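# Analysis of the macromolecular model
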Amino acid sequence: MGTPPRSTVRYAATTLLAALTLTGTLTGCTPSTPPPTAAPPSPAPDASSPAQICTSLVSYWAKETLLGTKWSGLDWEQKGLSNDQYAIHEDAVAAGRAEERTAGRDKALELIDRFVAQRCAEQDGATRSSENWRPPT
C-alpha cells in the first residue's frame, strides 16, 4: 500500500487537533470541570476634567517658579499654558511669594495648590484662546 499523500496527512492532523481542542483534551478541561472564570476587569481610569488638568498644569508650573528650578524660566507657551491659565499662574506665584514671606515655603506651596484649584474650577479649566500675539509698540 504506500504512504498517503501529504495533504491527506495534514487534513487528518488538523481534524484531530480540532476535535481534541473542542473536547478540551488539550487544555486539560473535562466536561465536568467548569471553565475558568476571568478576572474582573479593572476599572478604567477616570477621565480628567478641564479643571483638573488646569489645576495640575498650572499648580506644577507655579510651584516650579516659586522654587526657582531650572525650567521655571520657560515662557507660557513652552509651559503649555493658555492665556487664562498663565494669568492664574502669575496670580498664584504672587500669592505664593507673599505667603512664603510670612509663613514659609511649605505653606506657600500648599497655598498655590488651593489657589490654583479654586481659580481653575471657577474658569472651567481656563482653556480659552492661547493667541497672545500683539503688534510691537
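In this report, the structure presented in the accompanying data block is examined. (Residues numbered from 1 in each chain as written. Predicted model: local features only at pLDDT ≥ 70, side-chain atom pairs only at ≥ 80, totals over all residues. Heavy atoms only, no water.)

## Re the overall build of the protein chain
Heads up, the rule is: By the criteria applied, helices consist of DSSP H or I runs no shorter than four residues and strands consist of E runs no shorter than two, each listed in order from the N terminus. In what follows, a contact means two residues having at least one pair of non-hydrogen atoms within 4.5 Å. Methods summary: accessible areas were calculated by the Shrake-Rupley approach with a probe of 1.4 Å, and residue burial reflects only the protein chains presented.
If you tally the helices and strands in the protein chain, you get four helices and zero strands. In the protein chain, the succession of α and β elements from N to C terminus is α-α-α-α. Of the contacts made within the protein chain by residues no fewer than 6 positions apart, 70% connect residues no fewer than 24 positions apart. Counting only carbon and sulfur atoms, one obtains 59% of the accessible surface of the protein chain, whose full area is about 10100 Å².

## Some remarks on the packing of aromatic side chains
Rule in force here: Note on aromatic contacts: the rings of Phe and Tyr and the six-membered ring of Trp form a pair at centre separations within 6.5 Å, being stacked when their planes are under 30 degrees apart, edge-to-face when over 60 apart, and tilted otherwise. Any residue under 20% of the maximum accessible area for its type is buried, any over 50% is exposed, and the rest in between are partly exposed; the area is computed with a 1.4 Å probe on protein chains only.
Evaluated as defined, the whole model comprises one aromatic pair. A centroid spacing of 5.0 Å and a plane angle of 80° characterise the contact between Tyr-60 and Trp-61, whose relative ring orientation is edge-to-face. The exposure class of Tyr-60 is partly exposed, given its relative accessible area of 42%. Given the relative accessible area of 10%, Trp-61 is considered buried.

## Things to note about the state of the cysteines
Stated formally: What counts as a disulfide here is a pair of cysteine sulfur atoms lying within 2.5 Å.
Overall, the coordinates contain one disulfide when judged by the stated rule. Put simply, Cys-54 and Cys-120 are joined by a disulfide, and their sulfur atoms are 2.0 Å apart. Residues Cys-54 and Cys-120 are joined by a disulfide whose S-S torsion is about -60°; by sign, that bridge is left-handed. You can see Cys-54 sitting in helix 2 (residues 50-67) and its partner Cys-120 sitting in helix 4 (residues 105-122), a full 66 residues away along the chain.

## Some remarks on the side chain of Ser-72
For Ser-72, the location among the structural elements is in the loop between helix 2 and helix 3 (83-103). Classification of Ser-72 by relative accessible area gives buried; the value is 15%. When residues no more than four places from it in sequence are discounted, the contact partners of Ser-72 are Glu-64, Thr-65 and Lys-79.

## Remarks on the packing of helix 2 against helix 3
Heads up, the rule is: Note on geometry: axes are lines fitted to C-alpha atoms, helical ones only across the stretch in contact, with angles between N-to-C directions running from 0 to 180 degrees. Reported orientations rely on four angle classes, namely roughly parallel under 35 degrees, roughly antiparallel over 145, roughly perpendicular from 65 to 115, and oblique for the rest. For any pair of crossing helices, the crossing counts as left-handed if the nearer helix is rotated counterclockwise from the farther one by less than a right angle, and right-handed if it is rotated clockwise.
Interhelical geometry of helix 2 versus helix 3 gives an angle of 45° and a closest axis separation of 9 Å. By the angle between their directions, the pair helix 2 and helix 3 is classed as oblique. Judged by the twist between their axes, the crossing of helix 2 over helix 3 is right-handed. The segment helix 2 lies against helix 3, with Cys-54, Leu-57, Val-58, Trp-61, Ala-62, Thr-65 and Leu-66 engaging Gln-85, Ile-88, His-89, Ala-92, Val-93, Gly-96, Arg-97 and Glu-100.

## Some points on helix 3
Formally: To estimate the expected span of a helix, count its residues, drop one, and scale the result by 1.5 Å. For this quantity, the arc is that covered by the directions from the helix axis to the C-beta atoms.
Between its first and last C-alpha atoms helix 3 spans 30 Å; for 21 residues at 1.5 Å apiece the expected length is 30 Å, and the two agree. Looking only at helix 3, the buried set comprises Gln-85, Ile-88, His-89, Ala-92, Val-93 and Gly-96. Summarising the axial view, the buried residues of helix 3 lie within an arc of 140°, below the 170-degree limit, and thus occupy one face. Of the exposed residues in helix 3, those oriented more than 90 degrees away from the buried face are Arg-101 and Thr-102. Next to the buried residues of helix 3 lie helix 2 and helix 4. Of the residues trailing helix 3, Gly-104 is marked for its positive phi of about 100°.

## Here we look at the packing of helix 3 against helix 4
How we decide: For this classification, Asp, Glu, Lys and Arg are treated as charged, while Ala, Val, Leu, Ile, Met, Phe, Trp, Tyr, Cys and Pro are nonpolar and the rest, including Gly, are polar.
Axis separation between helix 3 and helix 4 bottoms out at 8 Å; the angle between their running directions is 150°. Compared by their axis directions, helix 3 and helix 4 come out roughly antiparallel. For the crossing formed where helix 3 meets helix 4, the hand is right-handed. Along the contact surface, helix 3 presents Ala-87, Ile-88, Asp-91, Ala-92, Ala-95, Gly-96, Glu-99, Glu-100 and Ala-103, while helix 4 presents Arg-105, Lys-107, Ala-108, Leu-111, Ile-112, Phe-115, Val-116, Arg-119 and Cys-120. Looking at the contact of helix 3 with helix 4 residue by residue, the classes come out as eleven nonpolar, one polar and six charged.

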